[in-house]
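# Reading the structure
So you can see what is in the structure, the chains are spelled out below.
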Amino acid sequence: MRILIIADDLSGAADCAIGFASVGMQTVVTLDPLNDKADAQVIAADTDTRRLSPERAAERTVAAFKALHQPGQRLYKKIDSTLRGNWAAEVAALQPLAGLAIVAPAFPATGRTLRGGRVFVNGQPLETTDTWKLENSDRPADVEAMLIAAGLSTAKLDLDTLRGNENALAHHIAEVARSGTQALIVDAQTEDDLLTLARLTASMDQPLFWIGSGGLAREIASLADFSEARLTAIEPTAQEKSQAPILILVGSLSVVCERQCALLKERGGVSELVVPPQVLRQGTTHGDWAMWQARIGEQLDGWSDLLLRIGRDEAFDPQEGAQLSTMLAILVEPHFAKVGGLIATGGETARAILTTVGIDSLQLLTEIEAGVAFARPTVSRQGHRPGIVTKAGAFGTDNALYAAWQHLSDSADRSPPQRTRIQGLE
């Protein structure tokens, strides 16, 4: 069995696909789905469509599917567990090509559940969370309403039915598929709920595809029939192991990420630089651009691990996230060869730095904690392939960034070369 995952951002592609790598399947994330000829059991494509119009996002999603889909592949449309982006339009565009859409965005390991077709985050209705209010304050967080608005007919599968007799459940889902319904919205509160759904739908003959976050994907990955071949990991060279400084790039402004950064600084003693948004808005024309680029270089030259963040000011607009992330990547690019490990928080941030330094695909290796993926570049135009960790901004425990930093620290030679170590800049 082969799997094609289509995601709308890079961290989402990685946190969805990492479950398959964790059971030993060859798993690759591609940033260039229209041109990448990736050959792996699991291919996760980042279409980078979250900020596009729904129409353009749908077109690009279908183009990625047509470019990458192979006979015998099963399709998994990865969506954000907090319903950000153009996911409904993308699902509607794929449905005529792939059959019944099994919609299950729950990710219990990260506190995301679905009840009555509504998303809850750690027991709190999604509409009331800061994550939703930051970008979607003008619309409700209603899975069914979003799908209907995108032109799909829907049905719901409640917890009592999901947890009932499995033969009756299988018959029910098959009847929904035969009825011409285009999307089935499935409640789930536990990993066992998702495992039940995965087991039944993976064995069904009716044309269908999965729509979910990393939660359902990891339960699909756990099925024995999917785990025949074993992973052959890309090994770092001696030079890559000795590239000690770890760079942590943070573009997310979520409250979750703020706590993660605070704990990383407290426990890891990592130096921090916060780049003013105005510097990134103006780029190389800003009077302080060269100064910030030099400060980053001095940190990494001094063998000092660096937490580099995008600041916030009164002019901040969430829609400028991609632009700021791109300029942050350009600021870092001259020093990237000095980096022995990279942690990128936020899908836009991760994509910006990787494309800027010439990395178009990653081999996923292991999961540090739920939704936090460790990988190595399959190919790098610079010839440099450091360990890379990606994480969605609002994902993870408070310990997530520190755990990622520890993982990279443990996988590299941390002894500095014969040069003076520069202490952290305040």
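Structure: see above.
Everything in this summary refers to the structure shown in the same document. (Residues numbered from 1 in each chain as written. Predicted model: local features only at pLDDT ≥ 70, side-chain atom pairs only at ≥ 80, totals over all residues. Heavy atoms only, no water.)

## Some thoughts on helix α1 (residues 10-22)
In an α-helix, one full turn covers 3.6 residues, which means residues spaced three or four apart are oriented alike. Across its 13 residues, α1 extends 18 Å between first and last C-alpha, which sits within 8% of the 18 Å expected from 1.5 Å per residue. For α1, the principal kink sits at C16 and spans about 30°. Of all the 13 residues making up α1, 12 are buried; the element is thus mostly covered by neighbouring parts of the structure. Where α1 is concerned, the buried positions are L10, S11, G12, A13, A14, D15, C16, A17, I18, G19, F20 and A21. Remark: G24 follows α1 within two positions and exhibits a positive phi of approximately 100°. (Helix = DSSP H or I, 4+ residues; strand = E, 2+ residues; numbered from the N terminus. Expected span 1.5 Å × (residues − 1). Bend = angle between axes of the 7 residues up to and from the residue. Buried < 20%, exposed > 50% of the residue type's maximum accessible area, 1.4 Å probe, protein only.)

## Re the pattern of salt bridges
This structure, assessed with the given rule, holds 24 salt bridges. Close ionic contact of D39 with R2 constitutes a salt bridge, the shortest N to O distance being 3.6 Å. Note that D39 is positioned in the loop between β2 (27-30) and β3 (42-46) and R2 in strand β1 (residues 2-7), a separation of 37 residues in sequence. We note a salt bridge from D48 to R351, for which the minimum N-O separation is 3.3 Å. Of this pair, D48 sits in the loop between β3 and α2 (54-68) while R351 sits in helix α15 (residues 347-356); the two residues are 303 residues apart in sequence, bridging distant segments of the chain. Given a relative accessible area of 32%, D48 falls into the partly exposed group. (Salt bridge = Lys/Arg side-chain N within 4 Å of Asp/Glu carboxyl O.)

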